[in-house]
Amino acid sequence: MTPQNPPSFFSRIAIAIGSFFAILGNARLASDITRLRAGEALAADVPAPEPREVRIEVPVEKIIETRVEVPVEKIVERTIQLRVPTDTAALQVLGLMQREARFVDFIQEDVKNYTDAEIGAAARVVHEGCRKVLKEHFTLVPVRDEAEGSRITVAPGFDTTAIRLTGNVVGQAPFTGTLTHRGWKVSRMQLPQLTDEKAAETLAQAEVEL
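These numbers were taken from a predicted model, which means no experiment stands behind them. (Residues numbered from 1 in each chain as written. Predicted model: local features only at pLDDT ≥ 70, side-chain atom pairs only at ≥ 80, totals over all residues. Heavy atoms only, no water.)

*Asks:* Explain the side chain of histidine 137 to me, and be specific about the residues and the numbers.
*Replies:* With respect to the element layout, histidine 137 can be found in helix H5 (residues 116-137). With relative accessibility at 11%, the residue histidine 137 sits in the buried group. Every residue in contact with histidine 137, bar those within four places of it in the chain, is listed here: Leu96, Arg188, Met189, Gln190, Leu191 and Pro192. (Helix = DSSP H or I, 4+ residues; strand = E, 2+ residues; numbered from the N terminus. Buried < 20%, exposed > 50% of the residue type's maximum accessible area, 1.4 Å probe, protein only. Contact = heavy atoms within 4.5 Å.)

Written as structure tokens, this is what we have:
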């Protein structure tokens with residue numbers, strides 16, 4: 001039996017008789033029959049609610065991998081080639097100072113029997129001649145451009161052949177200190193050319209007056 005095929009008359013008599021006794025013994029059934037007769041729809045006749053899509057947003061933690069590269073110090077071996085200075089150039093400079101300033105004569109002289117005035121007068125001649133040699137054959141520039149007495153910072157990896165640290169030297173560079181001397185370095189050197197290198201050994205020729 002379906003709602004489209006209602007029961008026949010005789011079937012309804014049987015249902016009514018069975019329902020009569022069932023209602024007498026079942027209060028819940030009697031209540032349901034009362035609500036049905038009042039026009040309340042049967043639960044089976046109520047259409048089921050259509051399913052509704054419910055969207056729930058759930059926060060998701062995103063993991064980002066970060067690669068940190070740590071610099072690794074690489075030890076590089078450095079080969080230092082020792083260079084032997086040429087004796088000829090040193091002898092040439094000494095010979096020039098002797099010729100222009102009588103430098104070797106002045107140094108070799110025993111000055112203890114001379115007065116300070118006499119030594120000062122001789123030193124003036126030596127100073128003038130040596131200065132002339134330097135100006136003619138060398139171009140000198142300071143190692144540091146800052147004024148002496150100023151505070152400077154010596155950076156790591158500084159050239160130890162150009163900068164000498166003095167005083168309380170503790171720890172590693174950078175160092176901050178007072179510039180006590182700007183230093184000197186040669187940017188150009190021009191010595192006379194020799195036809196015989198052995199001739200440079202003679203700083204001053206012996207003089208013979210006839």
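Once you've had a look at it, read on.
*Asks:* Account for the pattern of salt bridges, with residues named and values stated.
*Replies:* If you walk through the whole model with that rule in mind, you get six salt bridges. Measuring nitrogen to oxygen at the nearest pair gives 3.7 Å for the salt bridge that ties lysine 198 to glutamate 201. On the basis of relative accessibility, which here comes to 57%, the residue lysine 198 falls in the exposed class. Three or more residues joined by partner-sharing salt bridges are found here, namely Arg99, Glu100 and Lys132. (Salt bridge = Lys/Arg side-chain N within 4 Å of Asp/Glu carboxyl O.)

*Asks:* Which residues make up the nonpolar core, and what values do they have?
*Replies:* Counting nine residues, the largest nonpolar core consists of Val93, Leu96, Met97, Ala101, Val126, Cys130, Val133, Phe138 and Leu191. Within the residue set of this core, elements represented by two or more residues are helix H3 (87-101) and H5. Residue contributions to this core peak at four residues, all from H3. Residues contacting methionine 97, with those up to four places away along its chain left out, are Arg102, Phe103, Cys130 and Val133. (Core = buried A, V, L, I, M, F, W, Y, C linked by side-chain atoms within 4.5 Å.)

*Asks:* Kindly report on H3, identifying the contributing residues and their values.
*Replies:* With 15 residues, H3 ought to run about 21 Å at 1.5 Å a step, and its terminal C-alpha atoms sit 21 Å apart, in line with that. Buried residues of H3: Thr88, Gln92, Val93, Gly95, Leu96, Met97, Gln98 and Ala101, and no others. In this fold, the buried residues of H3 make contact with helix H4 (103-108), H5 and strand S1 (138-142). One or two residues past the end of H3 sits arginine 102, with phi positive at roughly 55 degrees. (Expected span 1.5 Å × (residues − 1).)

*Asks:* So what about the packing of helix H1 (residues 9-25) against helix H2 (residues 27-37)? Which residues, and what values?
*Replies:* The interhelical angle for the contact between H1 and H2, taken along N-to-C directions, is 120 degrees, at an axis separation of 5 Å. The handedness of the crossing between H1 and H2 is left-handed. In contact with Ala22, Ile23 and Gly25 of H1, H2 contributes Ala27, Leu29, Ala30 and Ile33. Looking at the contact of H1 with H2, its residues break down into six nonpolar, one polar and no charged. (Axes fitted to C-alpha atoms, helices over the stretch in contact; angles between N-to-C directions. Left-handed = near helix turned anticlockwise from the far one by under 90°. Nonpolar A, V, L, I, M, F, W, Y, C, P; charged D, E, K, R; others polar.)

*Asks:* So what's going on with the environment of alanine 30? Residues and values would help.
*Replies:* Along the chain, alanine 30 turns up in helix H2. Since its relative accessible area comes to 22%, alanine 30 is described here as partly exposed. Sequence separation between alanine 30 and serine 19 is eleven residues; the distance between their C-alpha atoms is 9.2 Å.

*Asks:* Summarise the layout of surface pockets; cite the residues concerned and give the values.
*Replies:* Computed from the structure, the largest pocket encloses a volume of approximately 530 Å³. In terms of lining, the largest pocket is formed by 22 residues, of which the most central are Ile163, Arg164, Leu165, Thr166 and Thr178. Taken together, the elements giving at least two residues each to the lining of the largest pocket come down to strand S2 (151-154) and strand S3 (175-178). Sort the elements by how many residues they give to the lining of the largest pocket and S3 lands first, with four residues. Across the lining of the largest pocket, the residue classes tally to ten nonpolar, nine polar and three charged. (1 Å grid on protein atoms, 1.4 Å probe; cavity = no way out; pocket = protein on both sides within 12 Å on 5 of 7 lines; lining within 4 Å. Points joined across faces, edges and corners; volume = space filled by probe spheres on them.)

*Asks:* Would you mind going over the packing of H3 against H5 in detail, with residue names and values included?
*Replies:* At a minimum axis separation of 8 Å, H3 and H5 run at an interaxial angle of 130 degrees. With respect to H5, the axis of H3 lies oblique. In the crossing of H3 with H5, the sense of the turn from one axis to the other is right-handed. Between H3 and H5, the contacting residues are Leu96, Met97, Glu100 and Ala101 on the first element and Val125, Val126, Gly129, Cys130, Lys132, Val133 and His137 on the second. Across the contact of H3 with H5, the residue classes tally to seven nonpolar, two polar and two charged. (Parallel < 35°, antiparallel > 145°, perpendicular 65-115°, else oblique.)

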